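# Fold and contact review
Listed here are the chains, written in short residue letters.
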Amino acid sequence: MRVLGQITSMTIATFYFAGMLGGEAIEAVSSTLFLKVMKWSFLTFAAISVAGIFFSYQRGKIHR
């Protein structure tokens, strides 16, 4: 499961960079645009984390 999460995270980050930078190299874009991409990435990952916390809390305790 850990590797699946890492692959998903890298895929989401790559889509943000590819979509918002328009195929330019990271070194060639302005720092404002780079920070905008990073902000949207972090917001997306925060939303995924909040959803995970919510579903984990709703699951309750599992007694084994």
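Now for a look at the structure at hand.

With that settled, consider the packing of aromatic side chains. For any pair of aromatic rings, geometry is given as the distance between the ring centres together with the angle between the planes. The tally for this structure, following the rule as stated, stands at two aromatic pairs. Here the aromatic rings of Phe-17 and Phe-34 are separated by 5.8 Å at their centres, their planes lie at 40°, and the arrangement is tilted. On the criterion of sequence distance, the pair formed by Phe-17 in helix α1 (residues 2–21) and Phe-34 in helix α2 (residues 31–59) is long-range, its members being 17 residues apart. Judged by its relative accessible area of 19%, Phe-17 falls in the buried class. Measuring from centroid to centroid gives 5.4 Å for Phe-54 and Phe-55, while their planes differ by 65°, and the two rings are edge-to-face. We classify Phe-54 as partly exposed; its relative accessible area is 45%. For Phe-55, a relative accessible area of 57% corresponds to the exposed category.

With that settled, the discussion passes to α2. Across its 29 residues, α2 extends 42 Å between first and last C-alpha, which sits within 8% of the 42 Å expected from 1.5 Å per residue. Taken together, the buried positions of α2 are Val-37, Ser-41 and Thr-44. Among the structural elements, α1 are those in contact with the buried residues of α2. Two residues or fewer after α2 comes Gly-60, characterised by a positive phi angle close to 85°.

Definitions and cut-offs
- Residues numbered from 1 in each chain as written.
- Predicted model: local features only at pLDDT ≥ 70, side-chain atom pairs only at ≥ 80, totals over all residues.
- Heavy atoms only, no water.
- Phe/Tyr/Trp six-rings, centres within 6.5 Å; stacked < 30°, edge-to-face > 60°.
- Helix = DSSP H or I, 4+ residues; strand = E, 2+ residues; numbered from the N terminus.
- Buried < 20%, exposed > 50% of the residue type's maximum accessible area, 1.4 Å probe, protein only.
- Expected span 1.5 Å × (residues − 1).
- Contact = heavy atoms within 4.5 Å.

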